[in-house]
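Remarks on the overall topology
Spelled out, the chains give:
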Amino acid sequence: MNPAIILASTSPYRQALLNKLNIPFTPYDPNIDESPFDHELPEQLVQRLAEQKARSAKHTFDDGIVIGSDQVAVINGRIVGKPLSIDNAIQQLKQASGQSITFYTGLAVYNIKTQRMDSLVEPFIVHFRTLSQQQIEHYIHQEQPLHCAGSFKSEGLGIALFKRLEGKDPNTLIGLPLISLIDLLAKQGIDCL
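Presented here is a report on the structure given in the accompanying data block. (Residues numbered from 1 in each chain as written. Predicted model: local features only at pLDDT ≥ 70, side-chain atom pairs only at ≥ 80, totals over all residues. Heavy atoms only, no water.)

As for its placement among the helices and strands, Thr105 is situated in strand S5 (residues 100-111). Looking at Thr105, its side chain comes within polar contact range of the side chain of Gln71, at 2.9 Å. Within the local environment of Thr105, its side chain forms a polar contact with the backbone oxygen of Thr172, the two atoms lying 3.5 Å apart. Excluding residues that lie within four positions of it along the chain, Thr105 makes contacts with Val46, Ser69, Asp70, Gln71, Leu120, Val121, Glu122, Thr172, Gly175 and Pro177. (Helix = DSSP H or I, 4+ residues; strand = E, 2+ residues; numbered from the N terminus. Polar contact = N/O pair within 3.5 Å; in protein donor to acceptor, adjacent residues only side chain to side chain. Contact = heavy atoms within 4.5 Å.)

On to the packing of aromatic side chains. What the rule picks out here adds up to 5 aromatic pairs. Each ring, one from Tyr28 and one from Phe61, has its centre 5.5 Å from the other, and the planes form 75°; the classification is edge-to-face. Of this pair, Tyr28 sits in the loop between strand S2 (26-27) and helix H2 (42-56) while Phe61 is found in the loop between H2 and strand S3 (65-75), placing the two residues 33 residues apart along the sequence. For Tyr28, a relative accessible area of 14% gives the class buried. Phe61 gets classed as partly exposed once you look at its relative accessible area, which sits at 22%. Look at Phe128 and Phe152: their rings are 5.7 Å apart centre to centre, the planes differ by 70°, and that puts the pair in the edge-to-face class. Of this pair, Phe128 sits in strand S6 (residues 117-128) while Phe152 sits in the loop between helix H4 (133-143) and strand S7 (162-166), and the two are 24 residues apart along the sequence. (Phe/Tyr/Trp six-rings, centres within 6.5 Å; stacked < 30°, edge-to-face > 60°. Buried < 20%, exposed > 50% of the residue type's maximum accessible area, 1.4 Å probe, protein only.)

On to the pairing of S5. Summarising burial for S5: 11 of the 12 residues are buried, a large majority. Relative to S5, S3 is paired through 10 bridges, and the arrangement is antiparallel. Bridged to Ala73 within S5 is Phe103. Judged from the 11 bridges that link them, S5 and S6 form a sheet pairing that is antiparallel. The residue of S6 that forms the bridge with Tyr104 is Pro123. The hairpin formed by S5 and S6 contains 5 residues between the paired strands, and Gln115 there has a positive phi angle of roughly 65°. (Pairing = 2+ DSSP bridges.)

Glancing now at the layout of surface pockets. In this structure, the largest pocket occupies an estimated 820 Å³ of space. Lining the largest pocket are 37 residues, and of these Arg14, Glu34, Gln71, Lys82 and His147 sit closest to its centre. For the lining of the largest pocket, the secondary-structure elements that each account for two or more residues are helix H1 (12-19), H2, S3, strand S4 (78-80) and helix H5 (171-174). For the lining of the largest pocket, the element with the highest residue contribution is S3, accounting for 4 residues. Its residues assigned to classes, the lining of the largest pocket comprises 18 nonpolar, 11 polar and 8 charged. (1 Å grid on protein atoms, 1.4 Å probe; cavity = no way out; pocket = protein on both sides within 12 Å on 5 of 7 lines; lining within 4 Å. Points joined across faces, edges and corners; volume = space filled by probe spheres on them. Nonpolar A, V, L, I, M, F, W, Y, C, P; charged D, E, K, R; others polar.)

Let us now look at the packing of helix H3 (residues 86-96) against H4. In contact at an axis separation of 10 Å, H3 and H4 are set at 135° when each is read in the N-to-C sense. By the angle between their axes, H3 is oblique relative to H4. Judged by the sense of rotation from one axis to the other, the crossing of H3 with H4 is right-handed. Each of Ile86, Ala89, Ile90, Leu93 and Lys94 in H3 lies in contact with H4, whose residues at this interface are Gln133, Ile136, Glu137, Tyr139 and Ile140. Split by residue class, the contact of H3 with H4 holds 7 nonpolar, 1 polar and 2 charged. (Axes fitted to C-alpha atoms, helices over the stretch in contact; angles between N-to-C directions. Parallel < 35°, antiparallel > 145°, perpendicular 65-115°, else oblique. Left-handed = near helix turned anticlockwise from the far one by under 90°.)

Okay, structure coming up:
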């Protein structure tokens, strides 16, 4: 019998992605400080936060395999977070217009009992169309992507913002790289099939 799977995330998007694997899991709020360290590279930040989120469950659960994930968007070398307001979302999409943005997703799988941690960082590049002010405002009004890094939801109308996507797994863009997750779970003895 496999140990319990715990998803250290309250994100409905990550929960929906994990549901694709048809394995039962318990969502858990990791409640950690997500502030970057001074001079921390985006890849270092997301890996550290994914591992912290995964480890945080050991304070609540005695056993289980914990999945932690974190994501940032990088435009012209600068980390772009969740906009949280319409004005910020407009500014983010103006910056993204005609540009290529790299999303870095940190993924960690932690075994509470053995304390084994497996983690990685998966990049995904989004090539944006050149967008008009009207297109940006219409999109933001339609989807209200205020809690999404980069100000879009690729699983919805956000796909219309892109020229091309470049990466191993389109699920990465939504916040949980399932192909890599299956590999990390296998290292912990969990077979998704």
